[in-house]
Amino acid sequence: WGRDEEDMHETINPGACWALKRGKPHLNRADGRKLCCDHHFGNEALLEIPMIARGEIVGLLQLFAEGDDAEERLESVQELGSALADGMSLALANMALREKLRNQALRHPLTGLYNRRYMEDSLQRFVRLAERENREVSVVMVDLDHFKRINDEHGHAFGDQVLRESAHALVSALRETDIVCRYGGEELVVILPDCNIERAADKAELLRQRIEALRDTHKAEISASFGVASIPHTSGGVADLLAAADAALYKAKQNGRNQVQKAPMRNHRERDRGPVRPASSAEVVALEAAE
């Protein structure tokens, strides 16, 4: 407060700030007398008030003043400044806590992936969009092969690590608009909006290769099977979309695992939906906001 942003430091080292080190307001005098923070510069007096909530530093309130009576004016508003800093600290801490609780409610703690409930809600939104606008959405169901055997032979800690790294392999290979969720156990679901079944199968093959590559890292037999389904090519709604992907996954396992299988295509009469065009990310966001 009292200085242009352009003249401010981009970062402040907490170790170089007396207010943050002492955990209480600190006045940097214009002439640099007494204790003066290393980051302070210029001819103004500076009152710094740490913003602390639940024992953690969440910010620093800085009040600048110029003139012969600058220090006296800053000292006179210190109590008000401290009250403002306390209020802002609590607000920021509550925002961080709310985001943390939201993530805990939506994400699986081991893998960091979205949980099944979030998957079902998201899939409903994308399917409704596909139905309204004659667009496509694909689902890839993933199951780690012989995961119980991995746990039995190498221990559950090793199994957890494989699950975490498999999840990371999927997320890092996909678009930001794609959604990866933990469906249950070692089974994962990938939602691919605006993606037809052929491209979805190609993506699934890439994901299969990335998971198989974990063998070299861990010196263990690691692989996954994939089932791919799509609206409108194989399915007409959420329930049969997941069922079709699950059936294709089952076929991949029956055929020897570590492979990708596509659900059978519907006939043209079932798929009579008109031309299909890709949706823009802005339209997807607009639909979510409207709902």
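A brief structural summary. Here the structure is a predicted model, which is why all the values come from computation and not from measurement.

## Details of the nonpolar core
Right, on to step 1. In terms of nonpolar packing, the biggest core is built from 28 residues, with V140, V142, V190, I211 and F226 touching the most fellow members.
Right, on to step 2. Within the residue set of this core, elements represented by two or more residues are β4 (137–144), α5 (147–154), α6 (156–172), β6 (187–193), α7 (197–212) and β7 (224–231).
Right, on to step 3. Apart from residues no more than four positions distant in its own chain, V140 is found in contact with L188, V189, V190, L192, A200, A204, F226, G227 and V228.
Right, on to step 4. Among the nonpolar cores identified, the runner-up in size contains 25 residues, and L123, V137, I179 and L242 belong to it.

## Description of the environment of L46
Right, on to step 1. The residue L46 is located in strand β2 (residues 45–53) in this model.
Right, on to step 2. Assessed through its relative accessible area of 1%, L46 is described here as buried.
Right, on to step 3. Separated by 19 residues in sequence, L46 and A65 place their C-alpha atoms 6.6 Å apart.
Right, on to step 4. With sequence-adjacent residues up to four places away left out, L46 is seen in contact with H26, L27, N28, H39, H40, Q62, L63, F64 and L74.

## Quick notes on α7
Right, on to step 1. Relative to the 22 Å expected for 16 residues at 1.5 Å per residue, α7 spans 22 Å between its end C-alpha atoms, a close match to the ideal helical length.
Right, on to step 2. What α7 keeps buried is the set I197, A200, A201, A204, L207, R208 and I211. For α7, the angular spread of the buried residues around the axis is 120°, confining them to a single face.
Right, on to step 3. Close packing links the buried residues of α7 with β4, α6, β6, α8 (214–218), β7 and β8 (260–262).

## So, the sheet that holds β8
Right, on to step 1. The 5 strands lie next to each other as β5-β6-β4-β7-β8, forming an open sheet whose pairing is mixed. Of all strands in the sheet, those bounded by a partner on one side alone are β5 (179–184) and β8. Each adjacent strand pair in this sheet contributes to an overall mean axis angle of 20°, direction not counted.
Right, on to step 2. In this sheet, β6 lies alongside β5 in antiparallel orientation, the contact comprising 5 bridges. Paired with I179 across the strands is I191, a residue of β6.
Right, on to step 3. Relative to β7, helix α9 (residues 238–254) is tilted by about 150°, and along the sheet it contacts β4, β5, β6, β7 and β8.

Thresholds applied
Residues numbered from 1 in each chain as written. Predicted model: local features only at pLDDT ≥ 70, side-chain atom pairs only at ≥ 80, totals over all residues. Heavy atoms only, no water. Core = buried A, V, L, I, M, F, W, Y, C linked by side-chain atoms within 4.5 Å. Buried < 20%, exposed > 50% of the residue type's maximum accessible area, 1.4 Å probe, protein only. Helix = DSSP H or I, 4+ residues; strand = E, 2+ residues; numbered from the N terminus. Contact = heavy atoms within 4.5 Å. Expected span 1.5 Å × (residues − 1). Arc of directions from axis to C-beta. Pairing = 2+ DSSP bridges. Axes fitted to C-alpha atoms, helices over the stretch in contact; angles between N-to-C directions.

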